Amino acid sequence: MAETGIALLRICAFCPNPCRLAVPEDEADQRESRTPSALAYLAVALNDGFVEPDGETQTALADLELAETCRPHCVYEFDVPAELRAFARKQWDETADHA
Amino acid sequence: MFAEVQCARDDGDPAWLDDLKAVVGESGLSTAFVDRLAYARDRTPLATFHVRSGKPLGQLPVAVATPQSESEVAQIFALANAHGFAVIPYGAGSGVVAGAIPVENTVMLDLKRLNRFVELDEVNGLATVQAGMNGARFEALLNARGWTCGHYPQSIRMSTVGGWAACRGAGQASSRYGKIEDMVVGLRAVLPNGESLEVRPLPRRAVGPGLRDLFVGAEGTLGVITEMTLRIWREPEVRRPLVLAFPSLDHAWSALREMMQAELRPEVARLYDETESHERTHGEGPFARNPVLCILVFSGKAALAEVEERLTREICVAQGAVVSDNLAPYEHWLKSRFISYSPRYQAKRHFMDTIEITGRWSALPQLYQRIGAAIRELHPDVFFGTHWSHVYPEGACQYMTIRLPILEDEEGLRLHAEVWQRAQSICLELGGSISHHHGVGQLRNPWMRGELGAGQDVLQRVKDALDPRNVSNPGKLALRPRETNDNG
């Protein structure tokens, strides 16, 4: 698939995370919110205005450790962490510009 | 809308959160909005329809707890009874019938830190594993030692072993290895009152009703499975695929029935209607004249698999099947067998869902024709495709994919509800079961009375006895939803 940007994140947001098999048992923080799909949904929700950008959402989107672990196992060969970084940059840079 | 919940965070957290934090530690409890958002859904299509419009299907949970031990799970339930909050177990959230959707005043119990492989007993062919272990990682560990669990659900990469049992799942090799209830020989669980219970792993016993089945298929309504011992198998020496082209579904149903009643046990048996067959064969080769695709795989000891394949081939040819030299449909299935997602439809605004039911062989033609007709008349552009997998001597699972086009939410949700109403009602009318392996959750509540009859009352009495405060995944399996006095 050739999607990029928010279109790619929208695909990831509703994907059931088959990449999660990459997460080792020793990973101390197994919260769902750190999975690629949950992070992608957070980005989509911000983009679509369902969620307000704030410090908590910014911190969540900066924690890409689990998403990086899962990246090699993406069925669609997406680089979701890179798209999340790009989204966060755009989101918070623009917010800062408007402030 | 989510933003309203996000902005209403200063109304004070309940005091019992401190008690919960004392149990699971600072790192084992979150009330952050981003966590509550992530656990507001599972993979139920109806939940997806809601969240893609920025709305939860149920409620956002109050908190998310990630216990590391059975003892912590027990203490959480004790607190739930004392303070009246609901506890909803959560594995990897791959369920599709709203079995893990939060209700009011819910703490989500994420079991993924209970994820250890406990023991491989190679003498007795048993594996003991904690409930929160990822299914594919569990299978990989077994494979590394020359064993297999034999349970390969499409969701294997995104589900937990405990989730397999809680939802009474079935894998793609069920015709050979059985369903999850055939594999769980022992378990540990925490009851809703916080007590622990062990069903010791033994091949069989005759000591009253099987307590194991209080938990296998109960979807967390009667407590939480924390550990299981599963029957495992030596990895097969061979796998022998067979691709068949049948002249009609009637011929294929007859062949599969005869195969199962002749005690032949393929690892995989998948029969597709003409719609789904054409997607996989494009009507080429033998499928030009024989449009119905069937994929079988025989496995195990090489000599035995060869005999089973030969005898099955004879049965199928006698029913008019042509054996295809082209294994492309099998190879396509093999490549995509663990992918359930259709981004083209599910990420966009189509209304797509799957419904699996069980029917006896004698009822399958009517189940297929009547449900298909009832759904096709709902919208001129609806897609309705069906396959039959998980075959038995008595019948099979009928797995239907329904896809409505892009619609406004109100109309899409209305038609989606009507799809379910028609499919489940016709299923009951024709003597089928409303679910083969996806479970009930809250999505199938309206049809549970028709499924169980007076058994629904028995189930409620069992629930009331084990969970009088209604704290453990309330409102699922058509059991009583939370009421005001349940909140303490």
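The sections below set out a description of the structure shown in this document. Computed from a predicted model, the values in this text were never measured in an experiment. (Residues numbered from 1 in each chain as written. Chains lettered and ligands numbered in written order. Predicted model: local features only at pLDDT ≥ 70, side-chain atom pairs only at ≥ 80, totals over all residues. Heavy atoms only, no water.)

### Things to note about the packing of helix α2 (residues 36-47) of chain A against helix α3 (residues 55-62) of chain A
All names here are of chain A.
Part 1 of the reasoning: In contact at an axis separation of 10 Å, α2 and α3 are set at 140 degrees when each is read in the N-to-C sense. Taken together, the axes of α2 and α3 lie oblique to each other. Classified by chirality, the crossing of α3 by α2 is left-handed. Between α2 and α3, the residues in contact are L39, L42 and L46 and T57, A60 and L61, respectively. (Axes fitted to C-alpha atoms, helices over the stretch in contact; angles between N-to-C directions. Helix = DSSP H or I, 4+ residues; strand = E, 2+ residues; numbered from the N terminus. Parallel < 35°, antiparallel > 145°, perpendicular 65-115°, else oblique. Left-handed = near helix turned anticlockwise from the far one by under 90°. Contact = heavy atoms within 4.5 Å.)

### Section: the packing of aromatic side chains
All names here are of chain B.
Part 1 of the reasoning: Per the stated rule, a full pass over the model turns up 17 aromatic pairs over all chains.
Part 2 of the reasoning: With a centroid separation of 5.2 Å and 70 degrees between ring planes, the pair formed by Y368 and W388 is classed as edge-to-face. Here the residue Y368 occupies a position in helix α15 (residues 364-376), and W388 occupies one in strand β17 (residues 383-391), the gap between them amounting to 20 residues.
Part 3 of the reasoning: Among the residues examined, Y368 registers a relative accessible area of 14% and is labelled buried.
Part 4 of the reasoning: Cation over ring: R176 sits above Y177, and NZ or CZ is 5.9 Å from the ring centre.
Part 5 of the reasoning: The positively charged end of R403 is found above the aromatic ring belonging to F383, 4.3 Å away from the centroid. (Phe/Tyr/Trp six-rings, centres within 6.5 Å; stacked < 30°, edge-to-face > 60°. Buried < 20%, exposed > 50% of the residue type's maximum accessible area, 1.4 Å probe, protein only. Lys NZ or Arg CZ within 6 Å of the ring centre and 35° of its normal.)

### Digging into the side chain of D35 of chain B
Part 1 of the reasoning: Tracing the backbone shows D35 of chain B in helix α3 (residues 33-38).
Part 2 of the reasoning: The exposure class assigned to D35 of chain B is buried, which follows from its relative accessible area of 0%.
Part 3 of the reasoning: A distance of 2.5 Å separates a polar atom in the side chain of D35 of chain B from a polar atom in the side chain of S30 of chain B.
Part 4 of the reasoning: Ignoring sequence-local partners within four residues, the contact set of D35 of chain B consists of R31 and S33 of chain A together with S30 and V64 of chain B. (Polar contact = N/O pair within 3.5 Å; in protein donor to acceptor, adjacent residues only side chain to side chain.)

### Quick look at the layout of surface pockets
All names here are of chain B.
Part 1 of the reasoning: Here the second largest pocket defines a volume of roughly 660 Å³.
Part 2 of the reasoning: Along its surface, the second largest pocket is lined by 29 residues, and R168, G217, S435, V440 and L452 are the ones closest to its centre.
Part 3 of the reasoning: Put simply, the parts of the chain that give the lining of the second largest pocket at least two residues each are α17 (448-452) and α18 (455-466).
Part 4 of the reasoning: Split by domain, the lining of the second largest pocket shows at least three residues from each of two domains, domain 1 (117-234) and domain 3 (342-438). (1 Å grid on protein atoms, 1.4 Å probe; cavity = no way out; pocket = protein on both sides within 12 Å on 5 of 7 lines; lining within 4 Å. Points joined across faces, edges and corners; volume = space filled by probe spheres on them. Domains from an automatic or database assignment.)

### Re helix α11 (residues 274-281) of chain B
Residues and elements named next belong to chain B.
Part 1 of the reasoning: Among all positions in α11, only E276, S277 and T281 are buried. One side of α11 holds all its buried residues, which, seen down the axis, span an arc of 120 degrees.
Part 2 of the reasoning: Structurally, α11 contributes buried residues whose contacts are with β13 (268-272), β14 (292-300), α13 (328-336), β17 and β18 (395-404).
Part 3 of the reasoning: Once α11 finishes, H282 follows within two positions and takes phi at roughly 55 degrees, a positive value. (Arc of directions from axis to C-beta.)

### Topic: the interface of chain B and chain A
Part 1 of the reasoning: Contact with chain B, which involves 41 residues of that partner, is made by 34 residues of chain A.
Part 2 of the reasoning: Buried surface at the junction of chain B and chain A, both sides included, amounts to about 3,300 Å², of which 59% is carbon and sulfur.
Part 3 of the reasoning: Counting the contacts that link chain B with chain A gives 4 salt bridges.
Part 4 of the reasoning: With its nearest N and O atoms 2.9 Å apart, the salt bridge here joins R31 of chain A to D35 of chain B.
Part 5 of the reasoning: Counting every contact that joins chain B to chain A gives 23 residue pairs in polar contact (both at pLDDT 80 or more). (Buried area = accessible area lost by both parts, 1.4 Å probe. Salt bridge = Lys/Arg side-chain N within 4 Å of Asp/Glu carboxyl O.)

### A short note on the nonpolar core
Part 1 of the reasoning: In this structure, F246, M259, L271, L296 and I371 of chain B are the most contacted members of the largest nonpolar core, which totals 58 residues.
Part 2 of the reasoning: Broken down by element, the residue count for this core peaks at 7 residues, all from helix α10 (residues 249-261) of chain B.
Part 3 of the reasoning: Viewed by domain, this core spans two of them, domain 2 (238-334) and domain 3 (342-438) of chain B, each represented by three or more residues.
Part 4 of the reasoning: Dropping the residues within four chain positions of it, F246 of chain B is found in contact with H251, A252, A255, N290, P291, V292, C294, C316, Q319 and A321 of chain B.
Part 5 of the reasoning: Grouped together as the second largest cluster of nonpolar side chains are 38 residues, A40, L42, A43 and L46 of chain A included. (Core = buried A, V, L, I, M, F, W, Y, C linked by side-chain atoms within 4.5 Å.)

### Regarding the sheet that holds strand β9 (residues 196-199) of chain B
Residue and element names in this part refer to chain B.
Part 1 of the reasoning: Here we have 5 strands laid out as an open sheet, ordered β5-β6-β10-β8-β9, and antiparallel in their pairing. The outermost strands of the open sheet, each flanked by one partner alone, are β5 (117-121) and β9. With direction set aside, neighbouring strand axes in the sheet form an average angle of 10 degrees.
Part 2 of the reasoning: Relative to β9, strand β8 (residues 184-190) is paired through 4 bridges, and the arrangement is antiparallel. From the neighbouring strand, V190 faces β9, where its bridge partner is S196.
Part 3 of the reasoning: Sheet strands touched by helix α5 (residues 70-83): β8, β9 and β10 (224-231). Its angle to β8, the strand with the most contacts, is close to 50 degrees. (Pairing = 2+ DSSP bridges.)

### Focus: α3 of chain A
Residue and element names in this part refer to chain A.
Part 1 of the reasoning: Those residues of α3 lying buried are T57, A60 and L61. Summarising the axial view, the buried residues of α3 lie within an arc of 95 degrees, below the 170-degree limit, and thus occupy one face. Seen from the buried face of α3, the exposed residues on the opposite side, beyond 90 degrees, are T59 and A62.
Part 2 of the reasoning: Two or three places before E56, at the start of α3, stands the capping residue D54, its side-chain oxygen 3.2 Å from that residue's backbone nitrogen.

So far we have only geometry, and geometry alone does not tell us how the molecule works.
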